[in-house]
Each structure stands twice: as structure tokens, then as C-alpha cells.
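Letter by letter, the chains look like this.
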Amino acid sequence: MANLSGTRALELLERGKHPGISGLFTLKDHVRLTRARFPDADAEVAQWGYASLQRDSLSIPGESVLEWTKPNPQPQPTFKFIDLSDPRNPSGQVKNNSQMNEYNTWGVGHGGACSSVWGDGDSYWCGNASAGGWAEVDQECAVKGTIQIPMGMQYNMSYVPPSSSTGKPLGPRWKDADLTGAIVHAWHSQSWATHMFRVQGFDRKKGILSFTKGSGGQGGRNWCRCDQCGYAAGWCGQHQQPPMNNDTRLIGGSWYIENVVQELDQPGEWFYDADTKFIYYKPNRTAFDDDGRDDYARPLSLDETLVASHLDSLITIKGSMSDPVSNINISGIGFRDTAATYMREFEWGAPSGGDWALRRGGALFIEGADAITISKCRFVRVDGNAIFLSRYTRNVSILRNHFSWIGEGAMATWGDTVDYDARNGEQPRDTIVESNYIHDVGLYEKQSSGWGQAKACLTLLKDNIMFNLPRAAINFNDMMGGGNSVTGNLIWNSCRESGDHGPINSWDRMPFLSNVRYGKERPSFDPKTTEISNNFIFANYGGSQGVDNDDGSSFFDIGRNVFYSADGFKMDYGGHDSKFHDNLVVVLPYDGQNCYNVGPFLENHVDLFVNNTCVCGAAPATIPSGCGSPACAVHYRSIVSDSNGSGVDTFMWGHNNSGVNIGALQNQKYDNQKQVTYSDPSMELIGSAAECNVSAPNAMLASQNRYFTPMGNASIMCSDSLYSFLEAKAEFGIEKGSSYDTLPDPEDVLLWARQILNME
């Protein structure tokens, strides 16, 4: 039995008609209340990502799980596959410009094993031809019918969570609990997404939970096994003594559990009893009657009135492509308290070839519409998406709105195509997203963004401010049609709870045929070039590049941006036909990709890296992936003190107040705070390229760049061999007109940034 002492029982109106409650808020002060959970935490401030210093106090470490239950093998999905490089393919057009052959094909799968998680919709990750980073895991799952999204879990009954104030193990903690109906939130194996699972069965004697079908579909990709991605979990068998190399357990990250009445133990928590239609709420203060008894029968005063959320959409604008709703202006309206939608089983799906899953829904939902303007509105504490553009939309303008404390994404799109063919126009196009203020997004589903684009094109993202996001601020799940412009935006504190990502992220694994680049007379799989310009982007926390052009990303023009705490140009896994130019990149020691990291290209489809300034190694210590919070920064900068002990912050620049170049800490020794050793070679490395020889038709062309490193000994990795800057230049002809030097004065870098951003 749950101890409900100190709680209030609130009976819902129209008890028999109510569909359920997913959120509770105060009306007057608009405070989010927390569904009873363990460990205790406030979703609006809790960062429980893989690199958070507070993770273990806000979640239960993954090592507490003995096993995430794998589904039994099921029928293979139905596959659709087309080799677009074959001139005989049914599209009538040929795609053969990616060095990765898989990105010159189109394929999906549906049904079969995938239907138990994502329903019957098409998914790139349920196909037999997925490719890119760790895609072999998803392809194996599809081909064998062995989907690796858990259908249950068994926790270690004797495990004592670090967050337990009583030191009580999980078994005794829940020996009298009923976890049926609870919801488990768990990180993906590689911290790409959070997955949520509804508990339908509980064996308290063994600590075994079983999940409902359709649970876990909030991410688009499978989890890894220990024998596939053992690096992701130190508890995997191969890391034990003696090693157990046949460990095939699924890897899950840290997790927490909510909607448990026995965990209703903190002020501000609540629990909804679906059988009695009562909400149990633990207030921040207790009211007493004249006899000193708890007075739960007394009506709540105005400042205690609560709002129970169950609507996921407050305004829906819905027409069709043939009969669109048009000319609507929504201005100055506040949107609040919509339902959390992460447990809408079978409503989530993978819209295209990026990693994400989406659900078509939002507090403001628009489909089949033209000439819609949303301006000066406030979206606060809406627990699904705030604005969602679905299928056909044209000329939607989203201007000067404020988005904060959002459960999923601030704005997202999901258009439709006929397999690979996007010429039907059933997608959001010509959208303007300008001068919006976006922060604290993705409170529940961490694979969320300020702007998440899937199957849409010709978007203008201009002069927006975005910060405090768990993953990318702007995400392109595919490059269907292209022709986007990202300009004048200020972004920081993205990727706060995840890694292997960037403040702006893109994928382009699935080709789509459109008329966007060349017009109706010349349909093409080539998207129109997307331009990214004049942005000021901090890639702190788990961000890597300022723009992470991931698997297949092509046809980008990235110029005149300032990227701080960022690696430079990335174009691997079959990307091509892009240009990175006139940017300022300030690299803090991170993962060694530094100024550029590019893969091989096909002839006539190479990338250009021209007229950039890259300051490499401007910090005293390597920053762990995910480090970016003030606490983390203080922790790592405290390793190095300034020469006179005045507390000058040396973490964000490579000089102390005496002008000593402290370079990269791990390879330095000090004698009375004076440098007496060599530079870290990884910070002298300015870039890596699969081919450096400019006479080769598949080499990236780099020229007219300026490089600055801690010791001024710039080097380049060419085809896995390391060359000094001068050696590479002489042997391969790369970096014509480029220069290198030691780290510049910070004031010079600030001047360069102002010049690029027109702030002089």
C-alpha cells in the first residue's frame, strides 16, 4: 500500500469521460508539478544526460539493469529497395554522386518485426539497406527480424542507487509497490535519444518488468548489444575479468521511473489513479482546520487551483493540398499545459533517413494550409511539440514567438512523399522562422530541437536565439529538396545531454527526387544548396562541429560564421559538393577533428575549404564530450591555475595572464608555472582528409586559410599518415596560399568575429 499521508485527493470533473492525465500545473503561478518518480527530480532543471555531473543523482545508472529483455525473432519486414545508380531504375533519373554506394540507393521496410514498436509505417531503419554510423546494427535487426528495442527489463534487486537517501536497494524499495502502469525513461545505447516504456507486468520477487507493445518507439533506431558496441557500457562482459566475449545483452543508458504512487514522497509531486479518476497531489504546504487536523476537504484557493492536461493540440488548422486553409493570422496568444505525448504508442515513426522518430502533433498543428502567420505568441510548458507543420503547407511564417519549457520540440515538420518521389509537393515549403526566442526544449524526449525538419524544403531560419537544448538546436533529418537558408542565428548550450551531434545537425541518407534545384523540366535527386551564413554558434556541451554534416550530407554552402568551442568542417560517410569558407573556428580540445575532417569523394563532387581562420587548441585541457555546464567547466579549468593565483579564467583561452601559452595540459609540465614541455600533437593537427593530393580528382580543395596552434607546428593527416604543414603542402599541393602560426591574441580573435558578424 502507498502511504498517502500529506497528500490531497482531487476528484476530476466528469470522472467517467476523462481520457487520462499526463501533466499537472498550478494555474496562477504556472508551476509544473512532477509526476511521482524515482529518483526525484524537476524535469525543467534536471540534466541527466550521459556526461552530466549530476546524472547519478537524477537517474539510475545503466549498470543497475541485469538485462533489457530482447524481443523474440519475428517475421522480417517487407522491404522496398531501388538502386538509383542503375539507369534502368523507375525514377527516370540517375543518382551516382556519393562515394558511398548505399547513398545512391533508396530503401525502406515496414511491418513484420518493426510493427511491434513503430506500427506499419515505412522506416529507413527497418529496411535492408540502411548505411552510415553504426547502421549495420539496424540492418542486421531488419534482416533477421530481431528488433532491438527492449520489451522489458530486469533490475538488480540488490543494487543501491547513488540517489537513494536511505541506502535501500531497488528490491526492498519496491517490494510492496505496484509498478504496473509506471513509465520507464531510458537513454539509447549511444545517448542519441530517450525511449519511454509503459509497464504492463511486474514480478516484484525477481525485479522483472514487461512493457506494452509500441513502447520505446520515440527514437528511430535500434539499441546496440554488448557484442556490437561494447565501448558504450563498461559493465559489458568483454570488460570483465575474466572476459565474457559472447555477451549479447542490450545496452541501455541511465534510466528513471515515473507514475508510481509509492514514490509520491516530495512536495509538488502527483499521481493519477486511472481506475478511480483521482489525482493525488502532495502540496508544498499543509492546510489545517480549527482543530489542527489536515483539511483536505476545504476548497482550494485561487492560487492553489491546478490544471490537469490531457489535450495535445489547442489549435488545429487542417485542410488539404487541393483545398488548403489559407490567410490566417495567429498573434499574441499564449499556449500552455498541453499533454505529454511520448507514450502515444504506435504514433511515433521514422520520417526519413535521419536518426529521429517523430509524432505528428503539436499544441498548434497545421496541415493542408497556405499563408499562415504565427507571431508574438508564447508557448510555455506545452509537453508535446509546440508547432507542427504536417504534409502540405506553404508560406507559413513563424515570427517573434517565445518557446520555453517544451516537452518535445519547439517546431517540427513532417511531409509526405511517394516513396523517393517528392514532386507531389505534399510537404512544408517556403516556411519562414524568424526572430524567435527558443530555450529549454526537450524536457522529456531528448531527441528534440528548436527546429526539427523532416521532408520539407525551402525553409528560412533567420535571426533566432536558441539555447538550453538536449540535442541539436536545428536538425535536418534529410535534405529533401534543399534550398534552406540558416542565417543570423545565435545558438549556445545545445547538445546538453547528448553527444555525437552538433548545434546544427544534418543527415542525407535517403535521396528524394524533386524539382527544387533545376525546375520541373529537369527533376533531380540533387537538392538545392542549403546556405548557412552569419551565425554565431557555441558548440559547447556535447556539440562537436558548429555544423555536424553527418552521414551523406551534401550540397551545403557554409560561410561567414563564427564557431566557438567547435570543430570545423565535417563531411564524412559519403557527403559531397559542399563549400566551407570565410568562417572563424575556435577549437577547444575535444575529439581531434579540429579544423576539418573529410572523407573521400567521387570525381567532380569534391568539397572546398577556403579562406577560413581556424584557431586550434585554445584551452588548457581536453574537454570531455558533454562538458559545458558551469560546474563541469569549473572542474576542468581548476586543473590549471594562473601564474599569480589571481583566479583568472584560463579555461576558455590558451594563455594565462602572464602571456604563457599553456596549450594542451595533458602533455605539459610546469616549473613555477612556466611551460617547459612540448605541445599536444592532437592540437597541432589542423585537419584530416582521405585524399590531400590536389591533382587527384577526388581530393578536397583547401586554400587561402589561416591556422593557429599552441606551438605553431601545424600538421595534416593525409590518408592516415601524418605530415607537417610544409611537407603536405610541398608533396600534395594542398593549402595553396594558406599560413600557420602560434595562437593569436584573444583581442584579435574578437575583432575577427565582429568583422564576420558585422558587429563593428
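Here's a quick rundown of the structure. (Residues numbered from 1 in each chain as written. Predicted model: local features only at pLDDT ≥ 70, side-chain atom pairs only at ≥ 80, totals over all residues. Heavy atoms only, no water.)

1. What about the overall build of the protein chain?
1) Next: Each helix and strand in the protein chain was counted, giving 9 helices and 54 strands.
2) Next: Looking at the protein chain residue by residue over its 760 residues, the buried ones come to 59%.
3) Next: For the protein chain, the proportion of contacts with a sequence separation of at least 24, taken over those separated by at least 6, is 72%.
4) Next: Counting every atom, the protein chain has about 28,500 Å² of accessible surface; 49% of that belongs to carbon and sulfur. (Helix = DSSP H or I, 4+ residues; strand = E, 2+ residues; numbered from the N terminus. Buried < 20%, exposed > 50% of the residue type's maximum accessible area, 1.4 Å probe, protein only. Contact = heavy atoms within 4.5 Å. Areas by Shrake-Rupley, 256 points an atom, 1.4 Å probe, with all protein chains shown as cover.)

2. Focus on the nonpolar core
1) Next: Counting 70 residues, the largest nonpolar core has Ile374, Phe379, Phe403 and Tyr596 as its most contacted members.
2) Next: For this core, the element with the highest residue contribution is strand β21 (residues 364-375), accounting for 5 residues.
3) Next: The residues contacting Ile374, other than those within four sequence positions of it, are Ile330, Leu364, Ile366, Phe379, Ile387, Val396, Ser397, Ile398, Leu399 and Asn401. (Core = buried A, V, L, I, M, F, W, Y, C linked by side-chain atoms within 4.5 Å.)

3. Observations concerning the packing of aromatic side chains
1) Next: Applying the stated rule across the entire model yields 31 aromatic pairs.
2) Next: For the ring pair Tyr124 and Trp125, a centre distance of 4.8 Å and an interplane angle of 85° mean the geometry is edge-to-face. Like Trp125, Tyr124 is buried.
3) Next: The structure contains a cluster of three or more aromatic residues connected by ring pairs, namely Phe563, Phe569, Phe580, Tyr596 and Phe609.
4) Next: For the cation-ring pair, Arg37 lies above Tyr256, with the distance from its terminal atom to the ring centre recorded as 3.6 Å.
5) Next: Seen from the ring of Trp414, Arg360 lies directly overhead, with NZ or CZ sitting 4.3 Å from the centre. (Phe/Tyr/Trp six-rings, centres within 6.5 Å; stacked < 30°, edge-to-face > 60°. Lys NZ or Arg CZ within 6 Å of the ring centre and 35° of its normal.)

4. Quick word on the pattern of salt bridges
1) Next: Overall, the coordinates contain 31 salt bridges when judged by the stated rule.
2) Next: A salt bridge links Lys446 to Glu497; the nearest nitrogen and oxygen atoms lie 3.0 Å apart. A residue pair is termed long-range when its members are at least 10 positions apart, and Lys446 in the loop between β28 (437-441) and β29 (451-453) and Glu497 in the loop between β34 (490-492) and β35 (504-506) qualify at 51 residues.
3) Next: Look at Lys446 and you get buried, because its relative accessible area is 2%.
4) Next: For the salt bridge of Arg509 with Asp551, the shortest nitrogen-to-oxygen distance reads 3.0 Å. In this pair, Arg509 sits in the loop between β35 and β36 (530-533) while Asp551 sits in the loop between β38 (547-549) and β39 (556-559), placing the two residues 42 residues apart along the sequence. The same class applies to Arg509 and to Asp551, which are both buried.
5) Next: One connected set of salt bridges, linked through shared partners, spans Asp138, Arg221, Asp355, Arg509 and Asp551. (Salt bridge = Lys/Arg side-chain N within 4 Å of Asp/Glu carboxyl O.)

5. Remarks on the sheet that holds strand β18 (residues 334-336)
1) Next: Spatially, 12 strands are ordered β18-β22-β24-β28-β31-β34-β37-β40-β43-β46-β51-β54 in an open sheet, and the strand pairing comes out parallel. Strands with a single pairing partner mark the edges of an open sheet, and in this sheet they are β18 and β54 (739-742). When strand polarity is set aside, the average angle formed by the axes of neighbouring strands in this sheet is 10°.
2) Next: In this sheet, strand β37 (residues 536-538) lies alongside β34 in parallel orientation, the contact comprising 2 bridges. When the bridges of β37 are listed, Ile491 appears paired with Ile537.
3) Next: This element, helix α9 (residues 746-756), spans β40 (562-564), β43 (584-587), β46 (613-616) and β51 (706-709) of the sheet and lies at about 140° to β43. (Pairing = 2+ DSSP bridges. Axes fitted to C-alpha atoms, helices over the stretch in contact; angles between N-to-C directions.)

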